[in-house]
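# Structural characterization, general
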Amino acid sequence: GAGVSQSPSNKVTEKGKDVELRCDPISGHTALYWYRQSLGQGLEFLIYFQGNSAPDKSGLPSDRFSAERTGGSVSTLTIQRTQQEDSAVYLCASSWGANVLTFGAGSRLTVL
Amino acid sequence: EDQVTQSPEALRLQEGESSSLNCSYTVSGLRGLFWYRQDPGKGPEFLFTLYSAGEEKEKERLKATLTKKESFLHITAPKPEDSATYLCAVPRQSGSARQLTFGSGTQLTVLP
């Protein structure tokens, strides 16, 4: 596609529910990243996928967070048993080559 | 620990009033410094990459410069459409080079 596509754009959920956020990267980009942006804070790295290599999960804040990337393309970030502190904008980015990330518009998650 | 600090947090300029944004970092063996622009409700958009002290990059009214400890984003004769949050980022020293540590950003408002 022309850009990185994320869905849903907005998600409101109740504390304790599970949520899934989807990312469709730019076609041909081998690397995919998830970041989290909380109000007034910088972007926080969550997880990185590169080709068929094992993902770099070092930024996931707890075992409630997981992500997968199917077929080297679409990725899903899953948050189980959501907490209010999970409220943030979740940004997906993809790249080909070193570090020039193209970001999607993000999924805004609100946990009530 | 890698740190990226941006100042000021917010900056209001009159149209045509030139200024500079600062990004200071504490990481040894810099593997690049990246500037992004973020508009409300959108993901960050790549502007520049700088790799070595003394390097400069320009794009329209923006010029980015790099020293061994900091980077500046100079805005010459800004226009209201330059209003956005400007983010800088550096690759982490540990782990994947594609884990970017972002600053909290400078929110620029250019008044007509």
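For the structure given in this document, a descriptive report is provided here.

Calculation notes
- Residues numbered from 1 in each chain as written.
- Chains lettered and ligands numbered in written order.
- Predicted model: local features only at pLDDT ≥ 70, side-chain atom pairs only at ≥ 80, totals over all residues.
- Heavy atoms only, no water.
- Salt bridge = Lys/Arg side-chain N within 4 Å of Asp/Glu carboxyl O.
- Buried < 20%, exposed > 50% of the residue type's maximum accessible area, 1.4 Å probe, protein only.
- Pairing = 2+ DSSP bridges.
- Helix = DSSP H or I, 4+ residues; strand = E, 2+ residues; numbered from the N terminus.
- Axes fitted to C-alpha atoms, helices over the stretch in contact; angles between N-to-C directions.
- Core = buried A, V, L, I, M, F, W, Y, C linked by side-chain atoms within 4.5 Å.
- Contact = heavy atoms within 4.5 Å.
- Buried area = accessible area lost by both parts, 1.4 Å probe.
- Polar contact = N/O pair within 3.5 Å; in protein donor to acceptor, adjacent residues only side chain to side chain.

Moving on, we come to the pattern of salt bridges. Two side chains with opposite charge may pair up if their charged atoms get near one another. All names here are of chain B. Going through the model one piece at a time under the given rule, you end up with seven salt bridges over all chains. Ionic pairing is found between Arg-37 and Asp-39, a salt bridge with its closest N-O pair at 3.0 Å. Given the relative accessible area of 18%, Asp-39 is considered buried.

A few words on the sheet that holds strand β7 (residues 75–79) of chain A. Residue and element names in this part refer to chain A. The strand order β1-β3-β7-β6 describes an open sheet built from four strands, whose pairing is antiparallel. Two strands lie at the open edges of the sheet, namely β1 (5–7) and β6 (65–69), each paired on one side alone. Across this sheet, the average inter-strand angle for adjacent strands is 15°, counted without regard to direction. Sheet analysis places β6 next to β7, joined by five bridges and oriented antiparallel. The partner of Ala-67 across the bridge, within β7, is Leu-77.

Moving on, we get to the environment of Gly-54 of chain B. Residue and element names in this part refer to chain B. By the secondary structure assignment, Gly-54 is in the loop between β5 (45–50) and β6 (56–59). For Gly-54, a relative accessible area of 62% puts it in the exposed group. Distance from Gly-54 to Pro-40, taken between C-alpha atoms, is 32 Å for residues 14 residues apart in sequence.

Our focus in this paragraph is unusual backbone geometry. In this model, Ser-7 of chain A is joined to Pro-8 of chain A through a cis peptide bond whose omega is -10°. On the secondary structure map, Pro-8 of chain A appears in the loop between β1 and β2 (10–13). The residue after Ser-7 of chain B, namely Pro-8 of chain B, is reached through a cis peptide bond having omega -10°. Its location among the elements puts Pro-8 of chain B in the loop between β1 (3–7) and β2 (10–14). Of note in the backbone geometry, Glu-60 of chain B takes a positive phi value of approximately 55° without being a glycine. The class for Glu-60 of chain B is exposed, based on a relative accessible area of 70%.

This paragraph deals with the nonpolar core. Ranked by internal contacts, the top residues of the largest apolar core, which has 23 residues, are Leu-33, Trp-35, Phe-48, Leu-62, Leu-73, Tyr-86 and Leu-108 of chain B. Contributing elements (two or more residues each) for this core: β2, β3 (19–26), β4 (33–38), β5, β7 (62–66), β8 (70–75), β9 (84–91) and β11 (106–111) of chain B. Per-element tally for this core: the top contributor is β9 of chain B, with four residues. Listed in part, the 20 residues of the second largest apolar core include Ile-79, Cys-92, Leu-109 and Val-111 of chain A.

This part covers the interface of chain A and chain B. Facing the 20 residues of chain A at the interface are 18 residues of chain B. Interface of chain A and chain B: buried area, both sides summed, is about 1,600 Å²; carbon and sulfur atoms make up 52% of it. Applying the counting criterion to the chain A and chain B interface returns zero salt bridges. Run the count over chain A and chain B and you get four residue pairs in polar contact (both at pLDDT 80 or more). Residue assignment for the side of chain A that touches chain B shows that the elements contributing at least two residues are β4 (31–37) and β5 (43–50) of chain A.

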